[in-house]
Amino acid sequence: MPEPIDLSGVHRELDQLKRQLCHCQLRGECLGCKGIEMIRQQLEAVSAAASQPVLLQVAQETAAKDMMDQFSKMQERLMGDPQIRQAAEAFQERLLEDPEARRMIEDLMRRLGEAGEEEPGPPS
């Protein structure tokens, strides 16, 4: 079984972004807090799924698609707010400037790409 992925750096950056976006004194009531928590849950789900054996990944595919649909809808709402969009762009820049965070993201994306290549084709 692969080693657990250390997401502490990404969580730290998400916490910092949440403080910048929050309008409710971190009570979890505003769109900024809710959006960051949704991203955190998706990050953890993707990380957990990517470290599972292939059969478990296939079993989790439908739930992941549903979550991605939710994420897309939330992203559309968030990016409609100019302040949130600017903060998200700044977060992305800072995240990609950190070599360790960048390595973690690239590793995660590589794993997701490998899992996608292993998916069986439609039955004949």
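Here's a quick rundown of the structure. (Residues numbered from 1 in each chain as written. Predicted model: local features only at pLDDT ≥ 70, side-chain atom pairs only at ≥ 80, totals over all residues. Heavy atoms only, no water.)

The next point concerns the nonpolar core. Formed by 18 residues in total, the largest nonpolar core has its most connected members in Val10, Leu14, Leu17, Leu21, Ile36, Leu43 and Phe91. Mapped onto this core, the elements with two or more residues apiece are helix H1 (8-21), helix H2 (31-50), helix H4 (61-79), helix H5 (82-97) and helix H6 (99-117). Apart from residues lying up to four places away in sequence, Leu17 is in contact with Ile36, Ala87 and Phe91. (Core = buried A, V, L, I, M, F, W, Y, C linked by side-chain atoms within 4.5 Å. Buried < 20%, exposed > 50% of the residue type's maximum accessible area, 1.4 Å probe, protein only. Helix = DSSP H or I, 4+ residues; strand = E, 2+ residues; numbered from the N terminus. Contact = heavy atoms within 4.5 Å.)

What follows concerns the environment of Ala88. You can see Ala88 is positioned in helix H5. Judged by relative accessible area, Ala88 falls into the partly exposed class, the value being 23%. Separated by 68 residues in sequence, Ala88 and Gln20 place their C-alpha atoms 9.9 Å apart.

Further remarks concern the pattern of salt bridges. Within this structure, the stated rule accounts for nine salt bridges. Here Glu29 makes a salt bridge to Arg27, at a shortest N to O gap of 3.2 Å. Linking Glu37 and Arg40 is a salt bridge whose minimum nitrogen-to-oxygen distance equals 3.3 Å. Residue Glu37 and its partner Arg40 are located together in helix H2, separated by three residues, close to a single helical turn. Residue classification places Arg40 among the buried residues on the basis of a relative accessible area of 12%. Several salt bridges share partner residues, and in doing so they unite Asp15, Lys18, Glu37 and Arg40 into one network. (Salt bridge = Lys/Arg side-chain N within 4 Å of Asp/Glu carboxyl O.)

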